[in-house]
Amino acid sequence: MSTFDLGLQEGTIMSSEQHMREALALARDNIKAGGRPFGAVLIYQGQVIARAVNEIHSTQDPTCHAEMQAIRQASRVLGRPDLDGCEIYASGHPCPMCLAAMHLCGIRRAWFAYSNDEGEPYRLSTADIYAQMARPPLQQEVVLRPMKPADEEGLYAQWHAGQASGAA
């Protein structure tokens, strides 16, 4: 029996609106705790398997966004990095990092309550980052250039060989 089948403390099937209201309640609670107004709820097969808030204020880790934390929790709960079939409800429009993580782990449906336009007056919009990411890599503000030492080779082949033998 998997961890999921054991009935995590979640387990009740709720409506989409209830999921969003829960994400918003998490965000409001996070404000009271000194955090930013972001909460997320991750759903699998109609059940809540992860709840999270933005934890930057308590961790000093700029990647501790609510969606990222929910993805991390859900991966642990399901025992796999592939979250195909999961859905996420977020209080605010996901930033490019969170959206990329959703793509990488297989989440295909996500909802948000507050848009980047609504967050802009409060400096909570990531629209400028989306605009940067839409530019070709060599034209973005972050300097990103290839640099492989002349004698470096085989890293990916080494990994692939380990995958084929079951060592990774």
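Residues numbered from 1 in each chain as written. Predicted model: local features only at pLDDT ≥ 70, side-chain atom pairs only at ≥ 80, totals over all residues. Heavy atoms only, no water.

Chemist: Sorry if this is basic, but what is going on with the state of the cysteines here?
Modeler: One way to say it: the disulfide is the covalent bond shared by the sulfur atoms of two cysteines. Taken as a whole, this structure holds 0 disulfides when the rule is applied. The cysteine cysteine 86 is free of any disulfide, with cysteine 105 supplying the nearest cysteine sulfur at 7.3 Å. Overall, the relative accessible area of 3% leaves cysteine 86 in the buried class. This cysteine, cysteine 95, is not joined by any disulfide, and cysteine 98 carries the nearest cysteine sulfur, 3.7 Å off. (Disulfide = S-S within 2.5 Å. Buried < 20%, exposed > 50% of the residue type's maximum accessible area, 1.4 Å probe, protein only.)

Chemist: Would you mind showing me how to read helix α1 (residues 16–32) here?
Modeler: For an α-helix, the turn length of 3.6 residues means that residues three or four places apart are oriented alike. With 17 residues, α1 should reach 24 Å at 1.5 Å per residue; the first-to-last C-alpha distance of 25 Å fits that figure. Along α1, the positions that sit buried rather than exposed are His19, Met20, Glu22, Ala23, Leu26, Ala27 and Asn30. The buried side chains of α1 occupy one side of the element, clustering within an arc of 155° when seen end-on. What points out from α1, more than 90 degrees from its buried face, is the exposed set Arg21, Arg28 and Lys32. Tucked inside the fold, the buried residues of α1 contact β1 (39–44), β2 (47–53), α2 (56–59), β3 (86–92) and β4 (109–114). (Helix = DSSP H or I, 4+ residues; strand = E, 2+ residues; numbered from the N terminus. Expected span 1.5 Å × (residues − 1). Arc of directions from axis to C-beta. Contact = heavy atoms within 4.5 Å.)

Chemist: It is not clear to me how the packing of aromatic side chains should be interpreted in this structure. Could you clarify?
Modeler: How two aromatic rings sit relative to each other is set out by the distance from centre to centre and by the angle between their planes. Summed over all chains, the structure comprises 1 aromatic pair. Seen from their ring centres, tyrosine 89 and tryptophan 111 are 4.8 Å apart, and the 10° between their planes marks the pair as stacked. In this pair, tyrosine 89 sits in strand β3 while tryptophan 111 sits in strand β4, placing the two residues 22 residues apart along the sequence. (Phe/Tyr/Trp six-rings, centres within 6.5 Å; stacked < 30°, edge-to-face > 60°.)

Chemist: Help me understand helix α4 (residues 96–105) in this model?
Modeler: Looking only at α4, the buried set comprises Pro96, Cys98, Ala101, Met102 and Cys105. Summarising the contacts, the buried residues of α4 are in contact with α3 (66–78), β3, β4 and α6 (127–134). Of the residues trailing α4, glycine 106 is marked for its positive phi of about 95°.

Chemist: Please explain the pattern of salt bridges as it appears in this structure.
Modeler: When the charged atoms of two side chains lie near each other, side chains of opposite charge can form a pair. Tallying each qualifying case throughout the model produces 3 salt bridges. For the salt bridge of glutamate 17 with arginine 21, the shortest nitrogen-to-oxygen distance reads 2.8 Å. Residue glutamate 17 and its partner arginine 21 are both found in helix α1; the two are separated by 4 residues, about one turn of the helix. For glutamate 22, the salt bridge goes to arginine 51, with nearest N and O atoms at 2.0 Å. Taken together, the positions of glutamate 22 in helix α1 and arginine 51 in strand β2 put the pair 29 residues apart, joining distant regions of the chain. (Salt bridge = Lys/Arg side-chain N within 4 Å of Asp/Glu carboxyl O.)

Chemist: I'm lost on the sheet that holds β3 in this one. Help?
Modeler: The 4 strands are arranged β2-β1-β3-β4 in an open sheet whose pairing can be described as mixed. Pairing within the sheet leaves two strands with one partner each, and these edge strands are β2 and β4. Looking at each pair of strands side by side, their axes are set apart by 15° on average, direction ignored. Inspection of the sheet shows β1 paired to β2 by 6 bridges, in the antiparallel sense. Bridge pairing links leucine 42 to alanine 50 in β2. (Pairing = 2+ DSSP bridges. Axes fitted to C-alpha atoms, helices over the stretch in contact; angles between N-to-C directions.)

Chemist: What's the story with the nonpolar core in this structure? I'm lost.
Modeler: Where a protein is soluble and globular, its nonpolar side chains tend to be buried together. Of all hydrophobic cores here, the largest spans 23 residues; its most connected members are Leu42, Ile49, Ile71, Leu83, Cys86 and Ile107. Taken together, the elements giving at least two residues each to this core come down to β1, β2, α3, β3 and α4. Among the elements that line this core, the one with the most residues is α3, at 7 residues. Membership of the second largest hydrophobic core comes to 8 residues, among which are Met20, Val41, Val48 and Tyr89. (Core = buried A, V, L, I, M, F, W, Y, C linked by side-chain atoms within 4.5 Å.)

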